[in-house]
Amino acid sequence: MQCIYCGIAEATTRDHVPPKSLFPKPRPSDLITVPCCEDCRHGQSLDDEYFTRMVAMRRDVGGHPAASQVLKSVHRSFAKPNKWRFNQALLESVSEIEVLTPAGLYLGQATTCRVSLDRLCRVIKRTTLGLYFAEFGVRLPDNHGCKVYALDGFDRTDPGLTARLKRVIGYASQGKLRVFGDEVFMCFAREVRDATVWIHLVYGRVGFLAITRPLDA
Ligand SMILES: [Zn+2]
């Protein structure tokens, strides 16, 4: 069997979707695992860590019990020397300014970080591919693409864009709902012809839109 991510190498291991780092221990037993190759799995672990930190540090997810538990272990891991370089880079990006640009994720009024949306979206893309496989029993075909958008990354001052976004979200949220853990990760999925539309919600607050469809469409 091929790796469901790259579609090239043989699948010799399994990957958790959604990323298990989002869940406090003991982790829920209903996480999905999908077949993938070692390279794809290892390449992703730093992205997962980044994702969890960035999302759990958001002030508006502070009320979610899972977020605060995960946050505690994030703080603990800041002290680990082998993570120094990674943490240093993270801390350097911490600033007191509000960030709300297409390239940044708004993190509330307190201490904020500049966030790489690309990196967050990469994690959600992988999760979408994994859930796609779980749903349909096949990997996303090679001639299809998967695009992910952070809902906070959209320019809300553009009324046309906001209206289109609302329509898409409304459409997807009538689809199939899956909930992982104590609402740590929720996902709506809906098929529309040969496309699929997904809304992923992390800690009940941080939302992403994912769309898979044929590349030439
Ligand atoms: Zn692979």
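Residues numbered from 1 in each chain as written. Predicted model: local features only at pLDDT ≥ 70, side-chain atom pairs only at ≥ 80, totals over all residues.

**Quick word on unusual backbone geometry**
Then, number 1: Put simply, V17 and P18 share a cis peptide bond, and its omega is -10 degrees.
Then, number 2: A cis amide bond links K25 to the next residue, P26, at an omega of -5 degrees.
Then, number 3: Tracing the chain through its elements places P26 in the loop between β1 (13-17) and β2 (32-36).
Then, number 4: Backbone geometry at E183 places phi at a positive 55 degrees, although glycine is not the residue there. (Helix = DSSP H or I, 4+ residues; strand = E, 2+ residues; numbered from the N terminus.)

**Re the environment of V202**
Then, number 1: Within the element layout of this structure, V202 appears in strand β8 (residues 195-202).
Then, number 2: By the C-beta count within 10 Å, which is 29 here, V202 ends up buried.
Then, number 3: Distance in space between the C-alpha atoms of V202 and E183 is 7.9 Å, their sequence separation being 19 residues.
Then, number 4: With residues up to four places along the chain from it excluded, the contact list for V202 reads L22, V55 and F185. (Buried ≥ 20, exposed ≤ 12 C-beta atoms within 10 Å, placed from the backbone. Contact = placed C-beta atoms within 7 Å.)

**What to know about the sheet that holds strand β6 (residues 176-180)**
Then, number 1: An order of β5-β9-β8-β7-β6 is seen for the 5 strands of this open sheet, with the pairing classed as antiparallel. Two strands close off the open sheet at either side, each with one partner strand: β5 (144-150) and β6. Each adjacent strand pair in this sheet contributes to an overall mean axis angle of 15 degrees, direction not counted.
Then, number 2: When β5 meets strand β9 (residues 206-214), the two strands line up antiparallel, connected through 7 bridges. When the bridges of β9 are listed, K147 appears paired with I211. (Pairing = 2+ DSSP bridges. Axes fitted to C-alpha atoms, helices over the stretch in contact; angles between N-to-C directions.)

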